[in-house]
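Geometric and topological summary
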Amino acid sequence: MPVTQIEFPILQSFFCVVEGVTGMPPQPLDASPEQVERQQQRERQDEQSVGGSKPKMPKGVVLGPDGKPCRSCTSFASWAAMSKGETSNTTMSKPPATAIAAAEPPSDCPPDVDRLGNHTWTFLHTLTANYPTNPTPTQQSDTRSFISLFGKMYPCWSCADDFRSWKAENAPRVSSREEFGRWMCEAHNAVNVKLGKDEFDCGKWEERWRTGWKDGRCD
Ligand SMILES: Cc1cc2nc3c(=O)[nH]c(=O)nc-3n(C[C@H](O)[C@H](O)[C@H](O)COP(=O)(O)OP(=O)(O)OC[C@H]3O[C@@H](n4cnc5c(N)ncnc54)[C@H](O)[C@@H]3O)c2cc1C
(Lines give C-alpha, C1' and ligand atoms only; values in the text may rest on other atoms or scores of the structure.)
Protein backbone atom coordinates (compact mmCIF):
# COMPACT_ATOMS: atom_id res chain seq x y z
CA MET A 1 0.00 0.00 0.00
CA PRO A 2 1.43 3.45 -0.91
CA VAL A 3 2.46 5.40 2.17
CA THR A 4 0.04 8.22 1.17
CA GLN A 5 -2.87 5.86 1.74
CA ILE A 6 -1.98 5.00 5.31
CA GLU A 7 -4.58 6.42 7.63
CA PHE A 8 -2.69 7.99 10.48
CA PRO A 9 -3.65 11.47 11.72
CA ILE A 10 -0.11 12.80 12.20
CA LEU A 11 0.87 11.51 8.77
CA GLN A 12 -2.17 13.13 7.17
CA SER A 13 -1.35 16.53 8.66
CA PHE A 14 2.29 16.09 7.52
CA PHE A 15 0.96 15.50 3.98
CA CYS A 16 -1.13 18.71 4.23
CA VAL A 17 1.98 20.66 5.20
CA VAL A 18 3.91 19.13 2.31
CA GLU A 19 1.14 20.08 -0.10
CA GLY A 20 1.00 23.58 1.37
CA VAL A 21 4.76 24.13 0.99
CA THR A 22 5.36 22.47 -2.38
CA GLY A 23 1.98 23.04 -4.04
CA MET A 24 2.00 19.35 -4.97
CA PRO A 25 0.14 16.49 -3.35
CA PRO A 26 2.50 14.03 -1.67
CA GLN A 27 3.79 11.45 -4.13
CA PRO A 28 3.24 7.80 -3.30
CA LEU A 29 6.51 6.08 -2.40
CA ASP A 30 5.72 3.25 -4.80
CA ALA A 31 8.27 2.34 -7.46
CA SER A 32 8.19 4.30 -10.70
CA PRO A 33 7.36 2.41 -13.93
CA GLU A 34 11.08 2.49 -14.80
CA GLN A 35 11.96 1.03 -11.40
CA VAL A 36 9.30 -1.65 -11.82
CA GLU A 37 10.67 -2.54 -15.26
CA ARG A 38 14.27 -2.68 -13.90
CA GLN A 39 13.18 -4.92 -11.03
CA GLN A 40 11.29 -7.23 -13.39
CA GLN A 41 14.36 -7.39 -15.62
CA ARG A 42 16.53 -8.37 -12.61
CA GLU A 43 14.02 -11.03 -11.59
CA ARG A 44 14.01 -12.44 -15.13
CA GLN A 45 17.83 -12.59 -15.06
CA ASP A 46 17.80 -14.26 -11.64
CA GLU A 47 15.33 -16.86 -12.89
CA GLN A 48 17.57 -17.58 -15.85
CA SER A 49 20.66 -17.96 -13.69
CA VAL A 50 18.98 -20.55 -11.45
CA GLY A 51 17.73 -22.56 -14.39
CA GLY A 52 14.32 -20.98 -15.07
CA SER A 53 14.67 -20.35 -18.79
CA LYS A 54 18.30 -21.46 -19.12
CA PRO A 55 18.85 -24.12 -21.80
CA LYS A 56 18.21 -27.40 -20.04
CA MET A 57 21.25 -29.59 -19.34
CA PRO A 58 21.46 -33.33 -18.81
CA LYS A 59 22.07 -34.34 -15.23
CA GLY A 60 25.75 -34.38 -14.31
CA VAL A 61 26.90 -31.74 -16.78
CA VAL A 62 29.05 -29.26 -14.87
CA LEU A 63 29.30 -25.72 -16.19
CA GLY A 64 32.61 -23.87 -16.30
CA PRO A 65 33.20 -20.38 -14.91
CA ASP A 66 32.27 -19.06 -18.39
CA GLY A 67 28.80 -20.62 -18.05
CA LYS A 68 29.53 -23.17 -20.77
CA PRO A 69 29.65 -26.95 -20.18
CA CYS A 70 33.06 -27.96 -18.81
CA ARG A 71 34.17 -31.18 -20.49
CA SER A 72 37.03 -31.80 -18.03
CA CYS A 73 34.54 -31.53 -15.14
CA THR A 74 31.88 -33.81 -16.62
CA SER A 75 31.67 -37.57 -17.10
CA PHE A 76 31.57 -38.78 -20.69
CA ALA A 77 28.14 -40.32 -20.13
CA SER A 78 26.66 -36.94 -19.24
CA TRP A 79 28.58 -35.18 -22.00
CA ALA A 80 27.31 -37.67 -24.58
CA ALA A 81 23.77 -37.28 -23.25
CA MET A 82 24.05 -33.53 -23.69
CA SER A 83 25.40 -33.91 -27.22
CA LYS A 84 22.53 -36.24 -28.04
CA GLY A 85 20.07 -33.71 -26.67
CA GLU A 86 18.82 -35.56 -23.58
CA THR A 87 17.81 -32.89 -21.09
CA SER A 88 16.84 -32.28 -17.55
CA ASN A 89 16.83 -29.01 -15.66
CA THR A 90 19.07 -30.16 -12.84
CA THR A 91 22.88 -30.37 -12.75
CA MET A 92 25.56 -32.17 -10.74
CA SER A 93 23.69 -35.41 -10.36
CA LYS A 94 23.76 -38.92 -11.86
CA PRO A 95 23.74 -39.34 -15.64
CA PRO A 96 20.59 -40.60 -17.35
CA ALA A 97 20.30 -44.37 -17.76
CA THR A 98 20.47 -44.20 -21.57
CA ALA A 99 23.94 -42.65 -21.38
CA ILE A 100 25.46 -45.11 -18.95
CA ALA A 101 26.25 -47.66 -21.70
CA ALA A 102 28.87 -45.32 -23.22
CA ALA A 103 30.78 -44.63 -20.02
CA GLU A 104 34.15 -43.91 -21.63
CA PRO A 105 35.15 -41.65 -24.48
CA PRO A 106 37.10 -43.24 -27.35
CA SER A 107 40.81 -43.14 -26.52
CA ASP A 108 41.56 -40.34 -28.99
CA CYS A 109 38.92 -37.94 -27.63
CA PRO A 110 39.41 -35.14 -25.09
CA PRO A 111 39.35 -36.57 -21.56
CA ASP A 112 36.28 -36.48 -19.36
CA VAL A 113 36.53 -35.91 -15.60
CA ASP A 114 37.25 -39.60 -14.95
CA ARG A 115 39.99 -40.11 -17.52
CA LEU A 116 41.63 -36.83 -16.61
CA GLY A 117 41.45 -37.83 -12.93
CA ASN A 118 42.73 -41.37 -13.43
CA HIS A 119 45.71 -40.22 -15.50
CA THR A 120 46.45 -37.35 -13.13
CA TRP A 121 46.47 -39.62 -10.10
CA THR A 122 48.88 -41.91 -11.99
CA PHE A 123 51.16 -38.94 -12.48
CA LEU A 124 50.82 -37.64 -8.91
CA HIS A 125 51.39 -40.99 -7.20
CA THR A 126 54.30 -41.75 -9.54
CA LEU A 127 55.73 -38.38 -8.60
CA THR A 128 55.66 -39.37 -4.94
CA ALA A 129 57.13 -42.79 -5.77
CA ASN A 130 60.14 -41.07 -7.33
CA TYR A 131 60.51 -38.42 -4.64
CA PRO A 132 63.82 -38.52 -2.73
CA THR A 133 63.89 -40.30 0.59
CA ASN A 134 65.82 -37.32 1.96
CA PRO A 135 64.82 -34.27 -0.11
CA THR A 136 66.84 -31.08 0.10
CA PRO A 137 65.15 -27.91 1.37
CA THR A 138 64.96 -26.70 -2.24
CA GLN A 139 63.29 -29.92 -3.39
CA GLN A 140 60.77 -29.61 -0.56
CA SER A 141 60.03 -26.02 -1.36
CA ASP A 142 59.69 -26.77 -5.11
CA THR A 143 57.28 -29.57 -4.29
CA ARG A 144 55.12 -27.30 -2.14
CA SER A 145 55.07 -24.77 -4.98
CA PHE A 146 54.11 -27.44 -7.48
CA ILE A 147 51.20 -28.66 -5.34
CA SER A 148 50.04 -25.12 -4.87
CA LEU A 149 50.12 -24.38 -8.61
CA PHE A 150 48.54 -27.73 -9.38
CA GLY A 151 45.63 -26.79 -7.13
CA LYS A 152 45.17 -23.58 -9.09
CA MET A 153 45.59 -25.03 -12.56
CA TYR A 154 43.90 -28.44 -12.50
CA PRO A 155 41.55 -28.28 -15.49
CA CYS A 156 38.46 -29.55 -13.63
CA TRP A 157 37.75 -26.33 -11.74
CA SER A 158 35.27 -27.86 -9.29
CA CYS A 159 37.78 -30.66 -8.49
CA ALA A 160 40.51 -28.04 -8.05
CA ASP A 161 38.34 -25.96 -5.71
CA ASP A 162 37.75 -28.97 -3.45
CA PHE A 163 41.41 -29.97 -3.64
CA ARG A 164 42.47 -26.49 -2.50
CA SER A 165 39.98 -26.56 0.37
CA TRP A 166 41.25 -29.96 1.47
CA LYS A 167 44.87 -28.80 1.17
CA ALA A 168 44.12 -25.76 3.30
CA GLU A 169 43.29 -28.15 6.14
CA ASN A 170 45.99 -30.68 5.26
CA ALA A 171 49.28 -28.95 4.48
CA PRO A 172 51.48 -30.97 2.09
CA ARG A 173 53.96 -33.17 3.95
CA VAL A 174 57.09 -33.26 1.84
CA SER A 175 59.91 -34.03 4.25
CA SER A 176 60.43 -37.55 2.84
CA ARG A 177 59.13 -39.90 0.15
CA GLU A 178 57.14 -41.85 2.73
CA GLU A 179 55.51 -38.66 4.06
CA PHE A 180 54.71 -37.29 0.62
CA GLY A 181 53.38 -40.62 -0.64
CA ARG A 182 51.04 -40.91 2.34
CA TRP A 183 49.90 -37.33 2.02
CA MET A 184 49.02 -37.89 -1.64
CA CYS A 185 47.20 -41.09 -0.74
CA GLU A 186 45.15 -39.15 1.82
CA ALA A 187 44.40 -36.45 -0.75
CA HIS A 188 43.18 -39.13 -3.16
CA ASN A 189 41.11 -40.77 -0.41
CA ALA A 190 39.39 -37.46 0.29
CA VAL A 191 38.15 -37.50 -3.32
CA ASN A 192 37.26 -41.21 -3.07
CA VAL A 193 35.10 -40.46 -0.03
CA LYS A 194 33.47 -37.50 -1.74
CA LEU A 195 32.58 -39.69 -4.71
CA GLY A 196 31.28 -42.50 -2.47
CA LYS A 197 34.16 -44.87 -3.37
CA ASP A 198 36.08 -47.14 -1.00
CA GLU A 199 39.11 -45.65 0.72
CA PHE A 200 42.49 -47.03 -0.33
CA ASP A 201 44.72 -48.54 2.38
CA CYS A 202 47.50 -45.93 2.55
CA GLY A 203 49.81 -48.51 4.13
CA LYS A 204 49.97 -50.00 0.63
CA TRP A 205 50.64 -46.87 -1.44
CA GLU A 206 54.24 -47.87 -2.13
CA GLU A 207 53.34 -51.36 -3.31
CA ARG A 208 50.70 -49.89 -5.63
CA TRP A 209 52.84 -47.11 -7.06
CA ARG A 210 56.55 -47.95 -6.57
CA THR A 211 57.62 -51.48 -5.78
CA GLY A 212 54.74 -53.50 -7.20
CA TRP A 213 52.67 -55.97 -5.19
CA LYS A 214 54.37 -58.49 -2.97
CA ASP A 215 52.83 -61.38 -4.91
CA GLY A 216 55.15 -60.52 -7.81
CA ARG A 217 52.45 -59.97 -10.43
CA CYS A 218 53.97 -56.66 -11.46
CA ASP A 219 57.41 -58.11 -12.11
C1 LIG B 1 42.93 -33.63 -7.58
C2 LIG B 1 41.76 -34.39 -8.15
C3 LIG B 1 40.48 -34.07 -7.76
C4 LIG B 1 39.39 -34.74 -8.29
N5 LIG B 1 38.12 -34.37 -7.93
C6 LIG B 1 37.06 -34.97 -8.51
C7 LIG B 1 35.74 -34.53 -8.25
O8 LIG B 1 35.53 -33.59 -7.50
N9 LIG B 1 34.72 -35.16 -8.88
C10 LIG B 1 34.92 -36.20 -9.75
O11 LIG B 1 33.97 -36.74 -10.32
N12 LIG B 1 36.17 -36.65 -10.00
C13 LIG B 1 37.23 -36.07 -9.42
N14 LIG B 1 38.49 -36.50 -9.69
C15 LIG B 1 38.65 -37.72 -10.47
C16 LIG B 1 38.52 -38.97 -9.56
O17 LIG B 1 39.38 -38.90 -8.44
C18 LIG B 1 38.87 -40.26 -10.31
O19 LIG B 1 40.14 -40.11 -10.92
C20 LIG B 1 37.87 -40.64 -11.35
O21 LIG B 1 36.61 -40.79 -10.74
C22 LIG B 1 38.25 -41.96 -12.05
O23 LIG B 1 38.30 -42.98 -11.06
P24 LIG B 1 38.98 -44.36 -11.28
O25 LIG B 1 38.00 -45.42 -10.93
O26 LIG B 1 39.60 -44.44 -12.62
O27 LIG B 1 40.12 -44.46 -10.16
P28 LIG B 1 41.04 -43.29 -9.58
O29 LIG B 1 40.37 -42.70 -8.39
O30 LIG B 1 41.44 -42.38 -10.67
O31 LIG B 1 42.28 -44.10 -9.05
C32 LIG B 1 43.23 -44.70 -9.93
C33 LIG B 1 43.90 -45.83 -9.19
O34 LIG B 1 44.58 -45.30 -8.06
C35 LIG B 1 44.57 -46.24 -7.00
N36 LIG B 1 44.08 -45.54 -5.82
C37 LIG B 1 42.80 -45.26 -5.47
N38 LIG B 1 42.77 -44.55 -4.35
C39 LIG B 1 44.06 -44.34 -3.98
C40 LIG B 1 44.67 -43.67 -2.91
N41 LIG B 1 43.97 -43.04 -1.98
N42 LIG B 1 46.02 -43.66 -2.83
C43 LIG B 1 46.76 -44.30 -3.77
N44 LIG B 1 46.23 -44.96 -4.81
C45 LIG B 1 44.89 -44.97 -4.91
C46 LIG B 1 43.68 -47.39 -7.40
O47 LIG B 1 44.51 -48.48 -7.77
C48 LIG B 1 42.93 -46.84 -8.60
O49 LIG B 1 42.62 -47.83 -9.54
C50 LIG B 1 39.59 -35.81 -9.19
C51 LIG B 1 40.91 -36.14 -9.58
C52 LIG B 1 41.98 -35.43 -9.08
C53 LIG B 1 43.37 -35.76 -9.55
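No experiment lies behind these values; they were computed from the predicted model shown.

Our focus in this paragraph is the overall build of the chain. In terms of helices and strands, the chain carries 9 helices and 0 strands. Each helix (α) and strand (β) of the chain, taken in turn from the N terminus, gives the series α-α-α-α-α-α-α-α-α. For the chain, with 219 residues in total, the buried portion stands at 18%. Counting only contacts in the chain whose residues sit at least 6 apart along the sequence, the fraction spanning at least 24 positions is 55%.

Following the sequence through the fold, Asn130 ends up in the loop between helix H5 (113-129) and helix H6 (137-153). Owing to 10 C-beta atoms within 10 Å, Asn130 belongs among the exposed residues under this scheme. Linking Asn130 and Trp209, residues 79 residues apart in sequence, is a C-alpha distance of 9.5 Å.

Before going further, it helps to spend a moment on the site of the ligand. In the region of the ligand, 22 residues are neighbours, and Gly117, Asn118, Cys159, His188 and Phe200 sit closest. Broken down by secondary-structure element, the contributors of at least two residues to the shell around the ligand are H5, helix H7 (157-169), helix H8 (177-194) and helix H9 (205-211). With 7 residues, H5 is the largest single contributor of residues to the shell around the ligand. Of the residues that constitute the shell around the ligand, the class distribution is 10 nonpolar, 8 polar and 4 charged.

In the contact formed by H6 and H7, the axes pass within 7 Å of each other and the chain directions differ by 145°. Counting all contacts with H6, which are made through Ile147, Gly151 and Lys152, the residues of H7 involved are Ala160, Phe163, Arg164 and Lys167.

By size, the foremost hydrophobic cluster in this structure holds 13 residues, and its most contacted members are Val61, Cys73, Trp79, Ala80 and Met82. Ranked by residue count, the leading element in this core is helix H3 (residues 76-83), at 6 residues. Once residues lying within four places of it in the same chain are set aside, the contact partners of Met82 are Met57, Pro58, Val61 and Pro69. The next biggest cluster of nonpolar side chains, apart from the first, holds 8 residues, and it includes Val174, Phe180, Trp205 and Trp209.

With that settled, consider the packing of H5 against H8. For any two helices packed against each other, the geometry is given by the interaxial angle and the distance between the axes. Closest axis-to-axis distance for the H5/H8 pair is 8 Å, and the angle between their directions is 160°. The pairing of H5 with H8 is recorded here as roughly antiparallel in orientation. Between H5 and H8 lies a crossing of left-handed hand. Between H5 and H8, the contacting residues are Trp121, Leu124, His125, Thr128 and Ala129 on the first element and Arg177, Phe180, Gly181, Met184 and His188 on the second. Across the contact of H5 with H8, the residue classes tally to 5 nonpolar, 4 polar and 1 charged.

So, about H6. Under the 1.5 Å per step criterion, the end-to-end length of H6 is 24 Å for 17 residues, consistent within 8% with the ideal 24 Å. Listed as buried for H6 are Thr143, Ile147 and Gly151. All buried residues of H6 fall inside an arc of 70° around its axis, so they share one side. Exposed residues on H6 whose side chains face more than 90 degrees from its buried face are Pro137, Thr138, Ser141, Ser145, Leu149, Lys152 and Met153. Here the buried face of H6 lies against H7 and H8.

Looking at the chain, the pLDDT average stands at 79 and 67% of residues meet or exceed 70. Residue range residues 13-22 is modelled with pLDDT below 50. Its contacts to residues more than four positions away, or to other chains, number 6 contacts.

On the secondary structure map, Gly85 appears in the loop between H3 and helix H4 (97-100). For Gly85, a count of 8 C-beta atoms within 10 Å puts it in the exposed group. It is 8.0 Å that separates the C-alpha atoms of Gly85 and Pro58, two residues lying 27 residues apart in sequence.

Thresholds, definitions, all that
- Residues numbered from 1 in each chain as written.
- Predicted model: local features only at pLDDT ≥ 70, side-chain atom pairs only at ≥ 80, totals over all residues.
- Helix = DSSP H or I, 4+ residues; strand = E, 2+ residues; numbered from the N terminus.
- Buried ≥ 20, exposed ≤ 12 C-beta atoms within 10 Å, placed from the backbone.
- Contact = placed C-beta atoms within 7 Å.
- Near = placed C-beta within 6 Å.
- Nonpolar A, V, L, I, M, F, W, Y, C, P; charged D, E, K, R; others polar.
- Axes fitted to C-alpha atoms, helices over the stretch in contact; angles between N-to-C directions.
- Core = buried A, V, L, I, M, F, W, Y, C linked by C-beta atoms within 7 Å.
- Parallel < 35°, antiparallel > 145°, perpendicular 65-115°, else oblique.
- Left-handed = near helix turned anticlockwise from the far one by under 90°.
- Expected span 1.5 Å × (residues − 1).
- Arc of directions from axis to C-beta.
- pLDDT = per-residue confidence, 0-100.

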